[in-house]
Amino acid sequence: MSAETHSNTESGTITPLLEVKGLRIEGLSEKGWHEIVCGVDLQLKRGEVLGLIGESGAGKSTIGLASMGYTRDGCRITDGDIIFDGLELRTASEEKKRRLRGTRIAYVAQSAAAAFNPAHRLLDQFSEAPVDHGVLSRREAEKKGRDLYRSLDLPDPENIGERWPHQVSGGQLQRMMVAMAMACGPDLLVFDEPTTALDVTTQIEVLKTIKEVVTARQVAAIYITHDLAVVAQLADHLMVLRYGDLIEMNTTGQMLTAPQQDYTRALLDARTRHEKPPSEAAESGALLTINSVTAGYRNGPDILQDVSVSVTRGQTVAVVGESGSGKSTLARVITGLLPPRSGSIEFAGERLPPELAQRNKRQLREAQMIYQMPDVALNPRQRVRDIIGRPLSFYLGLSGKERERRIIELLEQIELSDRYIDRFPGELSGGEKQRICIARALAAEPDLIICDEVTSALDTIVAQAILNLLQRLQSELRLTYLFISHDLDTVASIADKVVVFYAGRIAEQGPKSAVFEPPFHPYTRLLLSSVPEMRQNWLEETLSTREAQAGIAREVKITERGCPFNERCPAVIPDICVSERPPVQTAASGHTFACQHSPKELAS
Amino acid sequence: MPMSNLFKEFLSAPLTAKFGMLVIFGYAVISIFAPLIAPYGETEILGGAYELWGDKYLLGTDNLGRDMLSRLIYGARNTIGIALLITVLAFLLGSITGMIAATVGGWTDQILGRIVDVLMSIPSLIFALLVLSIFGTAMPYLISVIAILDSTRVFRLARATAMNVAVMDFVEVARLRGERLGWITVKEILPNITAPLLAEFGLRFCFVFLFISALSFLGLGIQPPTADWGSMVRDNSTLITYDDITPLLPAGAIALLTVAVNFVVDWMLHKSSGLKDVS
Amino acid sequence: MIHILKIVAQRIALGLLTLLVISLFITFGVELLPGDLAESILGQSATPETVRVFRAELGLDKPAHLRYLDWLAGMATGDMGVSLANKREISELVGIRLANTLFLGGFAAAIAVPLALLLGILAALYRNSFYDRAVNVFTLTSISFPEFFVAYILILFFAIKFGWFPGISNVSTELALGDKLYRTLLPAATLTLVVVAHMMRMTRAAIINLLASPYIEMARLKGIRPTRIILRHALPNALAPIVNVIALNLAYLVVGVVIVEVVFVYPGLGQLLVDSVSKRDVPVVQACSMIFASVYILLNLSADVISIITNPRLLHPR
């Protein structure tokens, strides 16, 4: 490290650690070079955390990498300065930049599973940067690694470094990567969406690690994310970006309480929970009844165990759970893609054949499905006309003018003009594609629509609009939704009834108001407390609760005996919960849950 | 696609691909109009053996005194024709079975896959030689043997690309709608794998073309007196020792067409894969 | 470890099974002929007497399964039967020629493999440069040339015009190694030219694919030296794809050798095979095919095994 690094200016104010001025970056696409970062300035002092927020295409990752003097293939910096501690990175030699990376600026990627080299042990990868840069000896580096693992609460810190990347769970691997970034004691960390791919309970565990690193060790950081609530827990300042332009910059507190720009307000609004008013006078009688279904793939274990759910006509029933909870398997069972091992499904009072091939056209028409990724749910080689028109001709026998008229009508229902009729999916935005998927489902004139994570691949503002559309359609067309989601905010804004899945079993189900209010099932409580809230200090408060301490940093395990949640449960009754199936109880508030504790005990 | 678009595509192509397309066009014209272009008949014996290049016989005569130029022109027709026929057969067989294996899955897929594994683990030239030694060098055997051997590679590609498409949600949507296998294969999957299949067609053609030329060169392919480039090289190869490049002409004709097709395929692959690299 | 051994054993068993299937095909292929092989080969000269003698010679009078077992046992013990054309022991015919073919193939591989890997890796590292584009055009052209075209061009220039090397490669066991290499240079160069092009393209694609991995970007962002990134991060993961490329091309070489041997009148197994096919000397063809197929399968098998035992996910299961 050179001597000039700690210089102060005459006025006495400390020079920023990182200063970016008028940064312009171009990206190469099929149509040639176009600007993806259009003149962005930023400043970062030592020990400060700056949040870069934006939706896809905002250029936030590109800026993050540029602050390390790095651009990906197919990107180039065309203008501006990037000054790190007095050194201009744009003009610095590759060798100079290389010496900074890993030592004074370190990077944490979105997917640790991809960013760790599969061919080397974790501790070897930890030691690589300090040893290669000549900061520490091999022995010192390994000791530092173990110390860091210990201080970051990783399990078995003495030996975990001897493992290979694929032998460690996703959340732990992400924390190992944070530890690796700290190997040389850097001045600046760049976090590139480090928790985006994780479940909420895992996200907390990683956030805890990051918080510890940046606050306790006074490291400056750039934190890139699309999730305002997450970054609000860490950042001192926030920058909102859109299409490569700076929209707004302010301190975190100001930004959350008094946003200046419409776009920022829209972002905040989309992330705020909008409670849905209960559906007006839901009709009596269940449209869909799932009777103690048990199902699994091939010779594997039961992914669903003894699941019973009933869906009332005209209502929205939300199925929530983390990855691996079996909620998507439930959709496959209902649609007939996966015949259950036992149990049955009734639709409008009629027992459905378990296999898809045995169901008739009417049965198929009555339940439609909308998927998570509109990109792969639409055939890229078919025009909108063919996509929406096929169910019309297949189920309803429409053709010619009549079919055309109906397609346009459906387009109107999803708030798209008839100009879209000749387009290919590739010519549509993500939100528009999802609307087309909705129109295709509507074309079959179904009673039930199964929505499988329909908003989780979309940007927040777009997702909000899709939810509004779904609600409007429900009240206009008296549709019934089975809404599968891992996002509790989304569920809160759309559901009438909530079913909480854990490891293939129903932990709790009932009217939304009952499930989201005490008494809670211990898992529901953990899940609810893990959802980041749009206020500062939420993280600290949550981490101090006993749910978080007991429940995070564990994997979901499917168990044959006892309660699957017992390892993570703060209220576990040691012997009983491991060996006995929890009884299903009904609380006074009208919901049922599976737990050894009585509602009274859980209410406290 | 309207003519003007086709022309635009052509103009936007890199130099190598343009060259390739022009060459292919030239070969097509020569093969189709061979009898009109060739100065003499295909099997006419006109003069002495190995006459030098001159006014009467532009490229001289071959080992039996037939006009070299005329045989080269007819050779285009025969060699390309047979290669094309074999490629089309291999393609129909391979792509249809491949797509069915991918869409149906299960046992059908397993059995077809095992058969193809075994066929592919035998080098095709050796396999062809073995079969020819048993059956003799009769055209129908030659054609069907090479077509079957070649269809295995098409099967692999068609199955793999169709699998990638078959796991997509829009195929599941079609299944859930109650569509039949035919619709799913033809309307949902096929349009999404035409680009790689088309490129593969070009590559397969090159392979077959080189393969039957090699067999003919070994004297085991297209049999005399039919004019064929591979056997023309063999029949006149002694000329090489007299520093005469005539026998290299049919070999060069083979090389030029293969280069041309490869250039076009390379461009197509590059275009369809976007920035992804395909060798 | 047990786990990985099991996978390797499975793979080897599959390879052996394939060989067995091929041997079945090679022997029973004869049965597929409509009519009788003896009559068909003898053609005009087929009298009931000659056919009977011929059938006995081929063993066609024995039941098929016995004939197969005899043949298989023979192949395993090195007794491959007798040639129809000149009544010599096939093992005698094959032995020296197999050695010659392996010599030629080995010679070509010794030049081609290092050269192709080096040039291919360079093309991947300097991707989209002028060098890379030139390589693309060169290799595309080169894989489009029939082997005999390349061979005759080399003969025309290096044997006829300049007279540096012999255009006909007759080698015998008495030759000194240097002399042998000199006479084999042109056929080896032909094979090299064709194989290098294929191999370079595959190597380039494999390396480019690898360099796009997030962990390579991570290594760059850790400030690791470029040479170290290649040696420590790219190479261990490139091993499996590169071994695959080598095996595929060696297998290709084994087959390409047939034509090159014919052009250069090289006394190898390939030439014997082609001669025997035109003479319809079925026992020799069967023996040669079996040898070629075995080498081919062994090469592919070893590539598979290497990529299995270098895969960290399989080496260190969860």
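Nothing here was measured: the structure is a model prediction, and the numbers come from that model. Position numbers for residues count from 1 along each chain, tracking the sequence in the order it is written. Ligands are numbered from 1 and chains lettered from A, in the order in which they are written. Reporting in this predicted model follows two pLDDT cut-offs: at least 70 for local features of residues, and 80 or more for side-chain atom pairs to be given and counted; totals over whole chains, interfaces and linings ignore these cut-offs and use all residues. Excluding hydrogens and water, the side-chain figures rest on all heavy atoms present in the structure.

A. Spatial organisation of the overall build of chain A. Helix and strand assignments come from DSSP, with helices taken as H or I runs of at least 4 residues and strands as E runs of at least 2, each series counted from the N terminus. Each helix and strand in chain A was counted, giving 24 helices and 22 strands. Here the C-alpha atoms of chain A give a radius of gyration of 26 Å, agreeing with the 25 Å that 2.2 N^0.38 yields for 604 residues. Burial status follows relative accessibility: with a 1.4 Å probe on protein chains alone, a residue under 20% of its type maximum counts as buried, one over 50% as exposed, and anything between as partly exposed. Looking at chain A residue by residue over its 604 residues, the buried ones come to 56%. Any pair of residues with heavy atoms lying within 4.5 Å of one another is described as a contacting pair. For chain A, long-range pairs separated by at least 24 residues make up 66% of all intrachain contacts whose partners lie at least 6 apart in sequence. Note on areas: these come from Shrake-Rupley sampling with a 1.4 Å probe, and a residue is covered only by the protein chains present in the view. If you sum the accessible surface of chain A, you get close to 24500 Å²; carbon and sulfur atoms cover 48% of it. We take the radius of gyration over the C-alpha atoms and set the globule estimate at 2.2 Å times the residue count to the 0.38 power.

B. Representation of the overall build of chain C within the structure. Of the regular secondary structure elements, chain C holds 13 helices and 0 strands. Starting at the N terminus, the α and β elements of chain C follow one another as α-α-α-α-α-α-α-α-α-α-α-α-α. If you line up chain C on its principal axes, its C-alpha atoms span 85 × 60 × 35 Å. Contacts in chain C between residues far apart in sequence, at least 24 positions, make up 72% of those at least 6 positions apart. Only four residue types enter the charge count: Lys and Arg as positive, Asp and Glu as negative, with His and the chain ends excluded. By convention, the charge on Lys lies at NZ, on Arg at CZ, on Asp at CG and on Glu at CD. Side chains of chain C give 25 positive and 19 negative charges; the mean places of these two sets differ by 18 Å.

C. Region of interest: the interface of chain B and chain C. With 43 residues of chain B at the interface, the matching set in chain C holds 50 residues. Note on definitions: salt bridges are taken to be side-chain nitrogens of Lys or Arg within 4 Å of carboxyl oxygens of Asp or Glu. At the boundary of chain B and chain C, one finds 2 salt bridges. Taken together, the elements giving at least two residues each to the side of chain B that touches chain C come down to α5 (106-120), α6 (124-135), α9 (181-217), α10 (229-236) and α11 (248-272) of chain B. Among the elements that line the side of chain B that touches chain C, the one with the most residues is α11(B), at 10 residues. Put simply, Ala, Val, Leu, Ile, Met, Phe, Trp, Tyr, Cys and Pro go in the nonpolar bin, Asp, Glu, Lys and Arg in the charged bin, and everything else, Gly too, in the polar bin. Looking at the side of chain B that touches chain C residue by residue, the classes come out as 28 nonpolar, 12 polar and 3 charged.

D. Quick peek at the sheet that holds strand β5 (residues 87-88) of chain A. All names here are of chain A. Any two strands with at least two DSSP-identified bridges between them are counted as paired. With respect to topology, 4 strands assemble into an open sheet ordered β2-β1-β4-β5, the strand pairing being antiparallel. Strand pairing shows two members of the sheet lacking a second neighbour, β2 (32-44) and β5, which therefore form its edges. Two strands pair when backbone bridges link them, and strand β1 (residues 18-29) and β2 are joined in this way by 10 bridges, in the antiparallel orientation. Bridge pairing links Glu 26 to Glu 35 in β2.

E. Inspection of the packing of aromatic side chains at higher detail. Pairing of aromatic side chains requires ring centres within 6.5 Å, counting the rings of Phe and Tyr and the six-membered ring of Trp. Pairs whose planes differ by under 30 degrees are stacked, by over 60 edge-to-face, and all others tilted. Going through the model one piece at a time under the given rule, you end up with 22 aromatic pairs over all chains. Three or more aromatic residues joined by ring pairs make a cluster, and in this case those are Tyr27(B), Phe205(B), Phe209(B) and Trp229(B). Taking the ring centre of Phe394(A) as reference, the NZ or CZ of Lys361(A) above it sits at 4.2 Å. We count a charge as sitting over a ring when the NZ of a lysine or the CZ of an arginine lies within 6 Å of the ring centre and within 35 degrees of the ring normal. If you follow Arg204(B) out to its NZ or CZ, it ends over the ring of Phe207(B), 4.9 Å from the centre.

F. Representation of the side chain of His597(A). All names here are of chain A. Mapped onto the secondary structure, His 597 falls in the loop between β22 (592-594) and α24 (599-603). Distance and chemistry together define a polar contact, namely a pair of N or O atoms within 3.5 Å, with one atom able to donate a hydrogen and the other to accept it when in protein, and with adjacent residues in sequence counting only for side-chain atoms on both sides. Among the polar contacts made by the side chain of His 597, one reaches the main-chain carbonyl oxygen of Ala 571 at a distance of 2.7 Å. His 597 has contacts with Ala 571, Ile 573, Gln 585 and Leu 602, leaving out every residue within four places of it along the chain.

G. Seen up close, the environment of Ala199(B). Residues and elements named next belong to chain B. Tracing the backbone through its elements, the reader meets Ala 199 in helix α9. For Ala 199, a relative accessible area of 2% translates into the label buried. Each C-alpha atom of the pair Ala 199 and Leu 269 lies 6.4 Å from the other, and the pair is 70 residues apart in sequence. Excluding anything up to four places from it in sequence, Ala 199 contacts Val 265, Met 268 and Leu 269.

H. Here's a closer look at the interface of chain C and chain A. With 21 residues of chain C at the interface, the matching set in chain A holds 30 residues. Buried surface area refers to the total accessible area, computed with a probe of radius 1.4 Å, that the two partners give up upon joining, counted for both partners together. When the two sides are added together, the surface that chain C and chain A hide from each other amounts to roughly 2500 Å², 53% of it contributed by carbon and sulfur. Joining chain C to chain A, the criterion identifies 5 salt bridges. For Arg228(C), the salt bridge identified is with Asp132(A), shortest N-O distance 4.0 Å. The tally of links between chain C and chain A comes to 14 residue pairs in polar contact (both at pLDDT 80 or more). Sorting the residues of the side of chain C that touches chain A by element identifies α9 (214-221), α10 (226-263) and α13 (312-315) of chain C as the ones contributing at least two each. Looking at side-chain class alone, the side of chain C that touches chain A contains 9 nonpolar, 4 polar and 8 charged residues.

I. Up close: the pairing of strand β11 (residues 286-295) of chain A. Residues and elements named next belong to chain A. In terms of burial, β11 is a largely internal element, 7 of the 10 residues being buried. Bridge analysis of β11 against strand β14 (residues 342-347) gives 5 bridges, and the strand direction is antiparallel. Note that in β14 the partner of Ile 290 across the bridge is Ile 345.

J. View of the environment of Met534(A). By secondary structure assignment, the location of Met534(A) is in the loop between α20 (522-530) and α21 (538-543). Measuring from C-alpha to C-alpha, the distance between Met534(A) and Ser67(A) comes to 28 Å, with 467 residues separating the pair along the chain.

K. α10(C), seen in detail. Residue and element names in this part refer to chain C. The span you would expect from a helix comes to 1.5 Å times its residue count less one. Spanning 38 residues, α10 covers only 46 Å between terminal C-alpha atoms, well under the ideal 56 Å at 1.5 Å per step. The largest bend along α10 measures about 55° and falls at Leu 235, with the proline Pro 236 one to four residues further on. Val 265 occupies a position one or two residues after α10 and carries a positive phi of about 50°. Bend, in this description, refers to the angle at a residue between axes fitted to the seven residues ending there and the seven starting there.

L. Broad picture of α5(B). The end-to-end C-alpha distance of α5(B) is 21 Å, a good match for the 21 Å that 15 residues give at a rise of 1.5 Å each. Those residues of α5(B) that are buried lie in contact with α4 (68-104) and α7 (139-166) of chain B together with α12 (282-309) of chain C.

M. Seen up close, the pattern of salt bridges. Taken as a whole and judged by the stated rule, the model has 55 salt bridges over all chains. Note that Glu162(A) is salt-bridged to Arg146(A), the shortest N-O span being 4.0 Å. With Glu162(A) in the loop between α5 (138-151) and α6 (170-181) and Arg146(A) in helix α5, this residue pair connects regions lying 16 residues apart in the sequence. Put simply, Glu128(A), Asp132(A), Lys222(C), Arg225(C) and Arg228(C) are held in one network by salt bridges that share partners.

N. Representation of the nonpolar core. Think of a nonpolar core as a cluster: buried Ala, Val, Leu, Ile, Met, Phe, Trp, Tyr and Cys residues, connected wherever their side-chain atoms sit within 4.5 Å. Counting residues in each nonpolar core, the largest one holds 138 residues, and the members touching the most others are Leu215(B), Phe217(B), Trp229(B), Phe148(C), Tyr152(C), Val258(C) and Val263(C). Leaving out residues up to four positions away in the same chain, Val263(C) has contacts with Phe217(B), Phe148(C), Ala151(C), Tyr152(C) and Ile155(C).

O. Quick look at the side chain of Arg66(B). On the secondary structure map, Arg66(B) appears in the loop between α3 (34-37) and α4. Every residue in contact with Arg66(B), bar those within four places of it in the chain, is listed here: Glu42(B), Thr43(B), Glu44(B), Ile45(B), Gly60(B), Thr61(B), Arg71(B) and Pro225(B).

P. The sheet that holds β11(A), seen in detail. Residues and elements named next belong to chain A. Strand order in this open sheet of 4 strands is β12-β11-β14-β15, and the pairing throughout is antiparallel. Looking at strand neighbours, the two that pair on one side only are β12 (304-312) and β15 (350-351), the edges of this open sheet. Of the strand pairs in this sheet, β14 and β15 are connected by 2 bridges, and their pairing is antiparallel. Pairing of Phe 347 across the sheet is with Glu 350, part of β15. Sitting on the sheet, helix α11 (residues 327-335) is in contact with β11, β12 and β14, with an inclination near 110° to β11. Axis lines are fitted through C-alpha atoms, for helices just across the contact stretch, and the angle between N-to-C directions can take any value from 0 to 180 degrees.

Q. The packing of α9(B) against α10(B), seen in detail. Residues and elements named next belong to chain B. Where α9 contacts α10, the axes come no closer than 7 Å and their chain directions differ by 35°. In the crossing of α9 with α10, the sense of the turn from one axis to the other is right-handed. Across from Phe 209, Ser 213, Ser 216 and Phe 217 in α9, the residues of α10 making contact are Trp 229, Gly 230, Ser 231, Val 233 and Arg 234. Residue classes in the contact of α9 with α10 are distributed as 4 nonpolar, 4 polar and 1 charged. Crossings are assigned a handedness: left-handed for a near helix turned anticlockwise from the far helix by less than a right angle, right-handed for a clockwise turn.

R. Structural view of a nonpolar patch on the surface. All names here are of chain B. Together, Phe 25, Val 29, Ile 30, Ile 32, Phe 33, Leu 36 and Ile 37 give the surface a local cluster of nonpolar side chains, amounting to about 680 Å² of exposed area. Contributing elements (two or more residues each) for the nonpolar patch: α2 (15-32) and α3. As for its placement among the helices and strands, Leu 36 is situated in helix α3. Patch construction takes residues with relative accessible area above 30% that form no salt bridge. Like charges are linked within 9 Å, and nonpolar side chains (Val, Leu, Ile, Met, Phe, Trp, Tyr) are linked within 5 Å.

S. View of the environment of Gly106(C). Residue and element names in this part refer to chain C. Topologically, Gly 106 is positioned in helix α5 (residues 90-125). Gly 106 sits in the partly exposed class, given a relative accessible area of 36%. When the C-alpha positions of Gly 106 and Val 254 are compared, they lie 9.6 Å apart, and in sequence the two are 148 residues distant.

T. Quick peek at the state of the cysteines. Residue and element names in this part refer to chain A. Here, the term disulfide refers to a pair of cysteine sulfur atoms separated by no more than 2.5 Å. Under the counting rule described, the total for this entry stands at 0 disulfides over all chains. Cys 437 takes part in no disulfide bond, and the closest cysteine sulfur, belonging to Cys 451, lies 11 Å away. A relative accessible area of 3% means that Cys 437 is categorised as buried.

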